[in-house]
Amino acid sequence: MSENKDFFYNLKKLSLLYVEDDDNTREELEYFLQNKVEKLYVAKNGQEGLEFFKEYKPDLIITDVQMPIMSGTKMIKLIKEINPLIPIVIITAFNDAEHLFEAIKLNVSNYLTKPLNLFALSEVLSTISKNINLEKENKEIYNSLKQYKDIVDERSIISKTDINGIITYINEPFEKISGYKKEELLGKPHSIITHPAINKNIFKKMWKRINIEKKSWQGRLRNITKEGNEYFVDIIIKPILDLDGNIIEYISLSNDITDLETTKEYFKAQTQKSAFNLTESIRIVNAYKEAINESNIILRINLDRKIIYANDAFFKVSGYTKEDLIGKPYSFLKHYNLSEEEQAVKIDSMFTGSIWKGKVSNFKKNGEVFHCNVTMYPLKNNNEEIVEYMCI
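None of the values given here were measured: they were computed from a predicted structure.

1. Section: the sheet that holds strand β11 (residues 299-301)
Spatially, five strands are ordered β12-β11-β15-β14-β13 in an open sheet, and the strand pairing comes out antiparallel. Looking at which strands have only one partner, the edges of the open sheet turn out to be β12 (307-310) and β13 (356-363). In this sheet, neighbouring strand axes are inclined to one another by 30° on average, regardless of whether the strands run parallel or antiparallel. One ladder, built from five bridges, connects strand β14 (residues 369-380) with strand β15 (residues 386-391); its direction is antiparallel. When the bridges of β15 are listed, M376 appears paired with C391.

Have a look at this one:
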């Protein structure tokens, strides 16, 4: 049933503590509330209410003010010392101004007077419970985003700059690959790591894309470490906009592709060097292909994310056969310790068109788990169009 059709839609997701010393009033309101909340705790005085709060940690409290053993205001004060943000609704006699003002000073959420109007109470509870659930949802979203950020921050090279290209943040992988400490880079221009031999036209196109068009730029960059060694990254740079569409900063996320670029350059040099002897060049390339095939487990996946090839090493490690795998979607290989939703998100991140590096844990055919450090590489044709993916 939708929220509009059910007045107590949000309240049904919450636990509520009700504190009242008068037996008749307590029984009447308990009967009214018992099917409208997820959990209902009922106390007869402030002392018992405080104990129930400590034990059950309810989301919301309704309490009388004047009660024996411990008053409602004393209970509220002690509860607010434990949780200053707990929503509390007080119920007070019409002429009980002294206790009312004292409770208001304790920052209660609302108050109602006796004799109690159940419709007025319902409206108050509906508003408060909606706000509580929105806050809970926001916390859950923030918690999820923080975990995603932590995962990305751990596996990727990340930096942020202000609108002038001055570095405002780098993460630990950035420090590791560049050889610089945060203190050495913060406040410096990003060009400090740019390789002097790089084509400057790349930056003109990049700046037009991220600053004028306000869109993401993706490509490969050649950088230089503090010690003077070159390294390569596959990078995406995104402008972060405010609500009015103004750029407030830039964030870059990249992966180290130095090994791949170095290998590519080596093969290129070998091919050029042996151009006069095509047979020898092919033999060398095939020898390297065999070496890679023998020392790695390899999958090839088409654009529909279906497995079209697996080498013998993969079959040996996983326990699967060609009949088991070829033609099956990549998602057929279940990821250890991930829900279906988490697995789908991870797989999507691997097939973005960029080089992806990370750790993958899959189930073997017999149910055991095997762990791999994986590089997912998009293979492109002469027109720079992706034709398939190779997983090594």
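2. A closer look at empty space enclosed by the protein
Summed over the entire model, instances satisfying the criterion amount to one cavity of 30 Å³ or more. Here the largest cavity defines a volume of roughly 110 Å³. Looking at the lining of the largest cavity element by element, the count peaks at three residues for β14. Among the residues forming the lining of the largest cavity, the class breakdown is eleven nonpolar, one polar and no charged.

3. A short note on the packing of aromatic side chains
In the structure shown here, the tally under the stated rule is nine aromatic pairs. Measuring from ring centre to ring centre gives 6.3 Å for F314 and F370, while their planes differ by 80°; the resulting arrangement is edge-to-face. Here F370 lies in strand β14 and F314 lies in helix α11 (residues 312-318), a separation of 56 residues in the sequence. Take F314 and F370: they sit in the same class, and that class is buried.

4. Quick word on the nonpolar core
Formed by 21 residues in total, the largest nonpolar core has its most connected members in L299, I301, Y330, L333, F351 and M376. Contributing elements (two or more residues each) for this core: β11, β12, α11, α13 (340-350), β13, β14 and β15. In terms of residue count, the dominant contributor to this core is β14 (four residues).

5. Thoughts on the side chain of S15
Mapped onto the fold, S15 is located in strand β1 (residues 15-19). On the accessibility criterion, S15 (9% relative accessible area) is buried. Residues in contact with S15, not counting those within four places in the same chain, are K39, Y41, K57, P58, D59 and L60.

6. Side note on a nonpolar patch on the surface
Together, F101, I104 and Y111 give the surface a local cluster of nonpolar side chains, amounting to about 310 Å² of exposed area. Structurally, the position occupied by Y111 is in strand β5 (residues 110-114).

7. What about the pattern of salt bridges?
Evaluated as defined, the whole model comprises 13 salt bridges. For D59, the salt bridge identified is with K136, shortest N-O distance 3.1 Å. Remark: K136 occurs in helix α5 (residues 118-155) and D59 occurs in the loop between α2 (46-56) and β3 (60-64); sequence separation between them is 77 residues. Given the relative accessible area of 32%, K136 is considered partly exposed. In this structure, E388 engages R300 in a salt bridge whose closest nitrogen and oxygen atoms are separated by 2.6 Å. Of this pair, E388 sits in strand β15 while R300 sits in strand β11, and the two are 88 residues apart along the sequence. Take E388: its relative accessible area is 12%, and that puts it in the buried class. Judged by relative accessible area, R300 falls into the partly exposed class, the value being 28%. Each of E20, D64 and K114 takes part in a single network of salt bridges with overlapping partners.

What counts and how
- Residues numbered from 1 in each chain as written.
- Predicted model: local features only at pLDDT ≥ 70, side-chain atom pairs only at ≥ 80, totals over all residues.
- Heavy atoms only, no water.
- Pairing = 2+ DSSP bridges.
- Helix = DSSP H or I, 4+ residues; strand = E, 2+ residues; numbered from the N terminus.
- Axes fitted to C-alpha atoms, helices over the stretch in contact; angles between N-to-C directions.
- 1 Å grid on protein atoms, 1.4 Å probe; cavity = no way out; pocket = protein on both sides within 12 Å on 5 of 7 lines; lining within 4 Å.
- Points joined across faces, edges and corners; volume = space filled by probe spheres on them.
- Nonpolar A, V, L, I, M, F, W, Y, C, P; charged D, E, K, R; others polar.
- Phe/Tyr/Trp six-rings, centres within 6.5 Å; stacked < 30°, edge-to-face > 60°.
- Buried < 20%, exposed > 50% of the residue type's maximum accessible area, 1.4 Å probe, protein only.
- Core = buried A, V, L, I, M, F, W, Y, C linked by side-chain atoms within 4.5 Å.
- Contact = heavy atoms within 4.5 Å.
- Patch = residues over 30% accessible without salt bridge, like charges linked within 9 Å, V, L, I, M, F, W, Y side chains within 5 Å.
- Areas by Shrake-Rupley, 256 points an atom, 1.4 Å probe, with all protein chains shown as cover.
- Salt bridge = Lys/Arg side-chain N within 4 Å of Asp/Glu carboxyl O.

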